[in-house]
Amino acid sequence: MALYPLMRTGSAIAAQQQSEFDREARYYEKLAHRKIKCVLCPRECVIDDQETGYCGVRENRGGTYYTLVYGRACSANVDPIEKKPLFHFLPGSGSFSIATAGCNVLCKFCQNWQISQARPEQIQNYRLFPNDVAEYAIKSNCRSIAYTYSEPVIFTEYMYDCAEAGRPKNIRSVMISNGYINPEPMRDLCGVLDAVKIDLKAFTEKFYREWVAGELQPVLNTLVLLKKLDMWTEIVYLIIPTLNDDPKEIKQMSQWIVAKLGPDVPIHFSRFHPVYRLKNLPPTPTKSLEIARNIALDAGIHYAYIGNVPGHEGENTFCHGCGKLIIRRLGYQIAENHLSPDGRCHFCQTKIPGIWK
Amino acid sequence: MSINRRKFVKKTIHAGGAFYFGMLPGCRGDDFQPTAIQANRSTVVEAVSPSIRDGNGKLIGDQVHRLLNNAMENLLQTTNAAHAWKKLFGKDDVVGIKINCLAGRGMSTHQELVEAIVEGLKSADLPERNIIIWDRSNRDLHKAGYQIKTGRNQLRCLGNDYSGYTREIYEFGAVGSSLSRILVDQCSAIINVPIVKDHGIVGITNALKNYFGAIHNPNKYHDNCGDPFIADVYMLPHIRKKNRLIISDLLTAQYEGGPPFMPQWSWDHNGILVGFDPVAMDTLAWTKIEQKRREHNLPTLKAAGREPTYIATAADEHHQLGTNNLKQIKLVKI
C-alpha cells in the first residue's frame with residue numbers, strides 16, 4: 001500500500017527548525033551545575049549541559065532535558081503485524097509503523113543501523129505529530145500503530161502520546177523493543193499499549209556486554225514486569241551462528257521463560273543475516289533454528305516459531321491443545337486461519353493465548 | 001599580512017549560494033606527511049605571553065598572531081614563520097581547521113587563534129577557498145560566535161550537519177562510525193585546534209578527543225572514560241593520516257566542570273601548545289589540569305573517577321599514536 005505523502009524535513013532544514021520537535025523529556029533528574037541524570041533506561045546517563053545521552057536523541061540544554069524527536073519520525077510505513085513479528089495479535093491486520101532516529105544500545109548486528117545509530121539531524125525525517133499518526137493509521141486501514149525499526153524506548157514521550165491519540169479512534173499500539181527500559185516508564189507505557197514484542201538478544205551477560213553494549217538482567221526484569229501487568233508479550237531471539245546458538249543457553253532461556261512468564265508467551269527464533277559490523281558470519285542455518293524451536297517446545301513453551309525463513313513449517317501456529325494447524329502463514333501473509341473470532345481452536349475449542357479482536 | 005577581527009568577521013559573513021562538495025582540483029593525497037613532522041614528532045612548543053590581553057582582559061589579535069608565529073618557528077626550527085607554514089602545507093592543500101565549539105562563547109576555540117592560523121596558511125600561499133573552519137554543527141559554531149559561511153570560492157566555516165557524513169562506516173578496534181564529509185571529501189590536511197578543558201566523563205578533552213566532532217556517533221563512545229574509543233577514533237585512516245598539525249588553545253582553559261563553560265573553574269593561561277603528537281599534547285594538557293586542580297584543592301581526576309586512561313591507550317602498541325612518557329616529550333617553552 002502506498003504511503004500517504006508526508007511533509008519531509010531534510011537534515012539541514014531540521015537543524016534550523018529544531019524547536020518544533022523539541023519537548024521537555026520525562027524521566028530525568030536535575031543535578032548540580034546544569035547536569036542532569038536520565039532515568040529512562042538502565043544506562044542512566046549523567047549528561048552535561050549541551051550534551052546528549054547515549055541514545056543521541058535526548059539532550060541537556062542548560063539543565064533542562066529535551067527529547068529531540070517528538071513528532072520527528074524518520075520512518076513511516078504500513079506493515080503487516082506479522083512483520084513485527086506479533087503472531088498472536090490481530091493476525092492479518094496492518095500496523096502503521098513509525099520510528100525516530102536513535103537507540104539506547106549498540107548491536108553490532110543491527111538491521112536498521114542507518115537510523116538506530118544516527119542522530120535526528122543526520123537523517124531525513126517526517127513531520128508527524130501524534131494526531132497525524134493516528135489519522136494516517138485510520139486512512140491506511142491499520143488496526144494498530146507500531147513503534148518499531150529503531151528503539152522506541154528513546155522516543156517514549158512521542159510513543160506515549162501517539163498511543164493516547166490512537167485509543168479514542170480504536171487504534172491499538174504495539175511496542176517493538178529491546179526491553180532495555182527502567183520499570184517506571186515501562187509501567188507508564190503499559191497504560192496505553194496493547195502489546196509488546198521484546199528482542200531477547202541472548203541469555204548471557206557476556207553477549208550483551210560484547211555485542212549489544214547493554215545488559216541482560218534489566219531486559220529480563222522488563223519481561224517479568226510485562227507479565228505482572230498482564231501485557232500481551234511475544235519474544236524474538238535472533239540466532240547468530242557461534243555467538244548465541246548454544247543449545248544449553250537456549251534451554252536455560254526456555255526454562256526461564258516457562259518458569260517466570262508461563263508457557264503461553266510465544267517465542268520467535270529468527271534467522272540472522274550478516275550486516276552492519278557483523279559481516280564475517282554466515283546466515284543462520286535453518287537447522288539451528290529448528291533445533292532451537294524444538295528445545296523451546298520440549299521445555300514447555302506452547303508457541304515457538306521460526307522467523308525469516310519464508311514457507312517454513314515453523315512459521316505456522318499449531319494448537320497447543322490438539323496439535324492441529326490453526327494459522328498457516330506464507331511469509332507475512334495469512335494463508336489459512338482456523339481460529340474462532342474469540343480466539344479458540346476451530347477443532348478442539350482450546351483457548352489460544354493472544355489478542356484476536 | 002595581518003587580519004583583524006572585523007576583517008575576519010566580514011570575510012566569514014554568509015554569502016549564500018550553493019556549496020560544492022567535490023574534492024577541489026589539485027587536492028593532495030591524504031597520506032602526505034611532510035618530513036618536518038617526522039623530524040620533530042614528539043616536540044611540543046608551549047608559547048605563553050601575559051601581554052596577550054588588553055586592560056579589559058580581551059585577547060589582542062595581533063599578539064595572538066605573533067605568539068603563534070613564534071611557536072611555529074620554534075617547532076619547525078626556522079626563523080621565518082611563513083617558511084614554517086610552508087614546511088607543512090602546500091598551496092594545493094585543502095586545509096580543515098577542526099575547532100571545538102561545544103561549550104559556546106567562553107570555552108570554545110578562540111577566534112583570534114583561528115584568525116592567526118588562517119593568516120599562517122595564507123602565508124604558505126594557500127588561497128582562502130582552500131581553508132575550511134569546521135566543527136560538529138552549524139549551531140555549535142554559531143553559538144561560539146563563528147559566522148557560517150558555505151560559499152565555494154571563499155574561506156568556509158561550517159558544521160558536519162551541513163555537509164553530512166559518509167554512508168560508509170569506518171572501523172578500528174571498538175569504534176565504527178561514519179565520518180564528516182568535510183574530513184573525507186574536502187580536506188587533504190587537518191589542523192586540529194582543540195581547547196584544553198576538564199571533561200565530566202572522560203577526564204580531559206584536548207587533541208585526541210577533538211575528533212569526536214568528526215564522527216556521527218560520539219554519544220556511543222563515552223563509556224569507560226572513553227577508553228579505548230577516543231584512541232580508536234584517532235586511528236581511523238582519514239583522521240590519522242590527514243592530521244598534520246595540532247594547536248591546543250590554552251588561552252583560556254578549564255580544570256573542573258567541563259565540558260560546558262564554567263567560568264568559576266576556568267583560568268587564563270594565555271598560551272598555546274603546538275606540536276604533532278596528540279598523545280604528548282594530551283599528556284601535557286592533563287598535567288596542567290591536574291596542577292590547577294591541586295592548586296584549588298580538588299581531587300585528582302583518578303580520585304574523581306575519571307582518569308583519562310585513553311591517553312595511555314593511544315600510546316600503546318596497538319595504537320602508537322605518540323608518547324605519554326614525559327621524559328620522551330621534548331617540551332620547548334617560549
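Structure shown above.
Residues numbered from 1 in each chain as written. Chains lettered and ligands numbered in written order. Predicted model: local features only at pLDDT ≥ 70, side-chain atom pairs only at ≥ 80, totals over all residues. Heavy atoms only, no water.

## Notes on the overall build of chain B
Each helix and strand in chain B was counted, giving 12 helices and 13 strands. By residue count, 63% of the 334 residues in chain B fall in the buried class. Taking all contacts inside chain B whose residues are at least 6 apart in sequence as the whole, residues at least 24 apart take part in 73%. A total accessible area of about 12,100 Å² is found for chain B, and carbon and sulfur atoms account for 48% of it. (Helix = DSSP H or I, 4+ residues; strand = E, 2+ residues; numbered from the N terminus. Buried < 20%, exposed > 50% of the residue type's maximum accessible area, 1.4 Å probe, protein only. Contact = heavy atoms within 4.5 Å. Areas by Shrake-Rupley, 256 points an atom, 1.4 Å probe, with all protein chains shown as cover.)

## Digging into the overall build of chain A
Across its full length, chain A carries nine helices and 20 strands. Its C-alpha radius of gyration of 20 Å places chain A within 12% of the 21 Å reference for a compact globule of 357 residues. Out of the 357 residues in chain A, the part that is buried amounts to 61%. Across chain A, the fraction of contacts at a sequence separation of at least 24, relative to all contacts at a separation of at least 6, is 66%. For chain A, the distance from the average site of its 42 positive side-chain charges to the average site of its 37 negative ones is 2 Å. (Rg over C-alpha atoms; globule rule 2.2 N^0.38 Å. Lys, Arg positive; Asp, Glu negative; His and termini not counted. Charge placed at Lys NZ, Arg CZ, Asp CG, Glu CD.)

## A look at the interface of chain A and chain B
Listed as interface residues are 31 residues of chain A and, on the opposing side, 31 residues of chain B. Counting the contacts that link chain A with chain B gives three salt bridges. One can count 13 residue pairs in polar contact (both at pLDDT 80 or more) joining chain A with chain B. When contributions to the side of chain A that touches chain B are tallied by element, the ones reaching two or more residues are helix H1 (11-16) and strand S6 (58-61) of chain A. Looking at the side of chain A that touches chain B, its residues break down into 10 nonpolar, 10 polar and 11 charged. (Salt bridge = Lys/Arg side-chain N within 4 Å of Asp/Glu carboxyl O. Polar contact = N/O pair within 3.5 Å; in protein donor to acceptor, adjacent residues only side chain to side chain. Nonpolar A, V, L, I, M, F, W, Y, C, P; charged D, E, K, R; others polar.)

## Describing the sheet that holds strand S4 (residues 36-38) of chain A
The pairing of strands in a sheet happens through backbone hydrogen bonds and is either parallel or antiparallel. Residue and element names in this part refer to chain A. As summarised here, the arrangement of the three strands in space is S3-S4-S5, forming an open sheet in which the pairing is antiparallel. Both edges of this open sheet fall to strand S3 (28-30) and strand S5 (46-47), since each of them pairs with a single strand only. In this structure, S3 lies alongside S4, joined through three bridges in antiparallel fashion. Residue Tyr28 lies in a different strand from S4, and its bridge partner there is Cys38. (Pairing = 2+ DSSP bridges.)

## Some remarks on unusual backbone geometry
The amide bond that connects A:Lys84 to the next residue, A:Pro85, takes the cis arrangement and shows omega of -10°. Secondary-structure assignment places A:Pro85 in the loop between strand S9 (75-80) and strand S10 (94-99). With an omega dihedral of 5°, the bond running from B:Gly258 to B:Pro259 counts as a cis peptide bond. Position of B:Pro259 relative to the elements: it lies in the loop between strand S10 (243-254) and strand S11 (266-267). Phi is positive for A:Asn141, which is not a glycine, with a value near 60°.

## Some remarks on the nonpolar core
Core analysis: the biggest nonpolar cluster contains 153 residues, and A:Ile98, A:Met186, A:Ile267 and A:Phe269 have the highest contact counts within it. If near-sequence neighbours (up to four positions away) are discounted, A:Phe269 is found in contact with A:Tyr237, A:Ile239, A:Ile250, A:Met253, A:Leu289, A:Ala292, A:Arg293, A:Ala296, A:Ala304, A:Tyr305, A:Ile306 and A:Gly307. Listed in part, the 45 residues of the second largest apolar core include B:Met72, B:Ala124, B:Ala144 and B:Val274. (Core = buried A, V, L, I, M, F, W, Y, C linked by side-chain atoms within 4.5 Å.)

## Examining the side chain of A:Arg58
All names here are of chain A. Inspection of the secondary structure assignment puts Arg58 in strand S6. There is a polar contact of 3.1 Å between the side chain of Arg58 and the backbone oxygen of Arg26. Looking at Arg58, its side chain comes within polar contact range of the side chain of Glu157, at 2.6 Å.

## Examining the packing of aromatic side chains
Residues and elements named next belong to chain A. One pass over the structure, following the stated rule, counts 15 aromatic pairs over all chains. Pairwise contacts between aromatic rings join Phe21, Tyr70, Phe129, Phe155 and Tyr158 into one cluster. Here the basic side chain of Arg43 rests over the ring of Tyr54, its NZ or CZ set 3.5 Å away from the ring centre. Seen from the ring of Tyr66, Arg61 lies directly overhead, with NZ or CZ sitting 5.6 Å from the centre. (Phe/Tyr/Trp six-rings, centres within 6.5 Å; stacked < 30°, edge-to-face > 60°. Lys NZ or Arg CZ within 6 Å of the ring centre and 35° of its normal.)

## A word on the pattern of salt bridges
Going through the model one piece at a time under the given rule, you end up with 34 salt bridges over all chains. Across the salt bridge formed by A:Glu59 and B:Arg139, the nearest N and O atoms sit 3.0 Å from each other. Here A:Glu59, found in strand S6, pairs with B:Arg139, found in helix H6 (residues 138-143), and the two come from separate chains. A residue is classified by how much of its surface remains accessible, and A:Glu59, at 4% relative accessible area, is buried. The exposure class assigned to B:Arg139 is partly exposed, which follows from its relative accessible area of 27%. Close ionic contact of B:Asp125 with B:Lys86 constitutes a salt bridge, the shortest N to O distance being 3.7 Å. With B:Asp125 in the loop between helix H5 (111-123) and strand S3 (131-135) and B:Lys86 in helix H4 (residues 81-88), this pair connects stretches of sequence that are 39 residues apart. Accessibility expressed as a relative area gives 47% for B:Asp125, which makes it partly exposed. Using a relative accessible area of 42% as the deciding quantity, one classes B:Lys86 as partly exposed. Residues joined by salt bridges that share partners form a network here, namely A:Asp22, A:Glu59, A:Arg61 and B:Arg139.

## Some details on the packing of helix H5 (residues 183-190) of chain A against helix H7 (residues 217-228) of chain A
Residues and elements named next belong to chain A. Contact geometry for H5 and H7: axes closest at 11 Å, N-to-C directions at 35°. The way H5 lies across H7 gives a crossing that is right-handed. Contacts between H5 and H7 involve Pro183, Met186, Arg187 and Cys190 from the former and Thr222, Leu225 and Leu226 from the latter. Grouping the amino acids of the contact of H5 with H7 by side-chain chemistry returns five nonpolar, one polar and one charged. (Axes fitted to C-alpha atoms, helices over the stretch in contact; angles between N-to-C directions. Left-handed = near helix turned anticlockwise from the far one by under 90°.)

## Examining the sheet that holds strand S13 (residues 172-177) of chain A
Residues and elements named next belong to chain A. Here we have eight strands laid out as an open sheet, ordered S9-S10-S12-S13-S14-S15-S16-S17, and mixed in their pairing. Strands at the two margins of the open sheet, each flanked by one partner only, are S9 and strand S17 (304-307). Strand-to-strand twist in this sheet, taken as the mean axis angle between neighbours without regard to direction, amounts to 25°. Judged from the five bridges that link them, strand S14 (residues 195-199) and strand S15 (residues 232-239) form a sheet pairing that is parallel. Looking at S15, one finds that Lys197 is bridged to Glu234. Each of S10, strand S12 (142-147) and S13 touches helix H4 (residues 156-166); the most contacted strand, S12, lies at about 170° to it.

## What to know about helix H3 (residues 130-139) of chain A
All names here are of chain A. When H3 is considered as a whole, its buried residues turn out to be Pro130, Val133, Ala134, Tyr136 and Ala137. Buried residues along H3 cover an arc of 165° about the axis, so they all sit on one side. In this fold, the buried residues of H3 make contact with S10, S12 and H4. Looking one or two residues beyond H3, the residue adopting positive phi is Asn141, at roughly 60°. (Arc of directions from axis to C-beta.)

## Brief notes about H5(A)
Residue and element names in this part refer to chain A. Buried within H5 we find Pro185, Met186, Leu189 and Cys190. The buried residues of H5 all sit within an arc of 140° when viewed along its axis, so they share a single face. Its buried side turned inward, H5 meets H4, S13, S14 and H7.

## Quick word on the side chain of B:Asp249
Residues and elements named next belong to chain B. Following the sequence through the fold, Asp249 ends up in strand S10. One polar contact links Asp249 to His110, side chain to side chain, over a distance of 2.7 Å. The residues touching Asp249, leaving out its near neighbours within four places in the chain, are Ser108, Thr109, His110, Leu113, Pro194, Ile195, Val196 and Gly271.

Everything listed here is a matter of geometry and, on its own, says nothing about what the molecule does.
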